[in-house]
Amino acid sequence: MLTLLSIIFGAFIGSFLNVCIFRLPKEESIIWPGSHCPYCKKPIRFYDNIPLLSYVLLMGKCRHCKIPISIQYPLIEGITALSSLFLFMKFGPSLSYLFYFAFVAALIVITVIDLYHQIIPDVISLPGIGVGLIASLILPQITFLNSLFGVLLGGGSLFLVATCYEWLFKREGMGGGDVKLLAMIGAFLGWKAVILTILLSSLIGSITGILIMVVKGKDFKYAIPFGPFLSLGAAISLFYGQNIINWYLYLNR
Ligand SMILES: [Zn+2]
């Protein structure tokens, strides 16, 4: 029963994340006005605003103007619902579940905004660092010192890489947004997870870059944002970090 509730709760939060994704880059209020169709501007009634379900019932179209609703909406709602379910199965009904769900929700918003706009909003990452540090005082999974080292290592290491890159190639490689994002990841997951996240995201990012070059040709000139890879690396670290570290230690006995 509670498991089912965690899915429904996740879907509703996903619906809210869609609003954040749409409005934060435009610096609009995420509370007011209520949801409306981006085309005909007609308000969306509550019965047309049920996560996942409404999309199916309306067959993916606005009730008024019949213009297709972006697949992004049910997709984000589905991904957020699944994240909520997996975190609930991992942590059970606890504060840990709530804090880590907030963390994953932030990663989802950051990923989509970075893909569209190549920016990581400070209004998510900077408060995120604070929330992560406070969470470490409450949660049994992480100590405050570990969280603090995570922030310093996350912020410091990427800052160092970014500065060296700029100095070597005389152009900006990694955005300041990535530095603050990795500091937030460190605050929630600790310093070991920061190292793991950097390794995983560089690996997945390189493979993706090579695949895109193979498919689109070498002259493809779209700068791939790094935020989505950092977020994915952080999510893997959250769920499997301890397994990966144990496996690594086992190999090096
Ligand atoms: Zn419409």
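Above this text you will find the structure in question.
This text gives an overview of the structure that appears in the document. (Residues numbered from 1 in each chain as written. Predicted model: local features only at pLDDT ≥ 70, side-chain atom pairs only at ≥ 80, totals over all residues. Heavy atoms only, no water.)

Things to note about the coordination of the zinc ion
At 2.3 Å from the zinc ion lie its protein donor atoms, namely Cys37 (SG), Cys40 (SG), Cys62 (SG) and Cys65 (SG). Classification of the site at the zinc ion as tetrahedral follows from its 4 donor atoms and the range of 105 to 115° in their angles at the metal. (Donors = N, O, S within 2.8 Å, 3.2 Å for Na, K, Ca; no water. Tetrahedral: all angles 85-135°; square planar, octahedral: opposite > 155°, others 65-115°.)

Quick notes on the pattern of salt bridges
What the rule picks out here adds up to 2 salt bridges. Of the charged contacts in the structure, one is a salt bridge between aspartate 48 and arginine 63, with a shortest N-O distance of 2.6 Å. Taken together, the residues aspartate 48 in the loop between α1 (2-23) and α2 (53-57) and arginine 63 in the loop between α2 and α3 (72-91) connect sequence positions 15 residues apart. Here arginine 63 falls in the partly exposed class, since its relative accessible area comes to 42%. (Salt bridge = Lys/Arg side-chain N within 4 Å of Asp/Glu carboxyl O. Helix = DSSP H or I, 4+ residues; strand = E, 2+ residues; numbered from the N terminus. Buried < 20%, exposed > 50% of the residue type's maximum accessible area, 1.4 Å probe, protein only.)

Digging into the packing of aromatic side chains
The tally for this structure, following the rule as stated, stands at 9 aromatic pairs. Ring geometry for phenylalanine 9 versus phenylalanine 101: centroids 5.7 Å apart, planes at 55°, classification tilted. Of the two residues, phenylalanine 9 sits in helix α1 while phenylalanine 101 sits in helix α4 (residues 95-117), which places them 92 residues apart along the sequence. Judged by relative accessible area, phenylalanine 101 falls into the buried class, the value being 4%. Each residue in the set Phe9, Phe88, Tyr97 and Phe101 is aromatic and connected to the rest through ring pairs, giving one cluster. (Phe/Tyr/Trp six-rings, centres within 6.5 Å; stacked < 30°, edge-to-face > 60°.)

Observations regarding unusual backbone geometry
Phi angles above zero are rare outside glycine, and methionine 59 is one such case at about 50°. Inspection of the secondary structure puts methionine 59 in the loop between α2 and α3. Backbone geometry places lysine 66, a non-glycine residue, at a positive phi of 65°. Residue position: lysine 66 is located in the loop between α2 and α3. Its relative accessible area of 52% is what places lysine 66 among the exposed residues.

Quick notes on the nonpolar core
One broad rule of soluble globular proteins: the nonpolar side chains tend to lie buried together. Tyr100, Phe103, Met184, Ile185 and Leu189 are the most contacted members of the largest nonpolar core, which totals 44 residues. Discounting residues that sit within four places of it in the chain, phenylalanine 103 has contacts with Met184, Ile185, Phe188, Leu189, Ala234 and Leu238. (Core = buried A, V, L, I, M, F, W, Y, C linked by side-chain atoms within 4.5 Å. Contact = heavy atoms within 4.5 Å.)

Read these as spatial facts, not as claims about activity.
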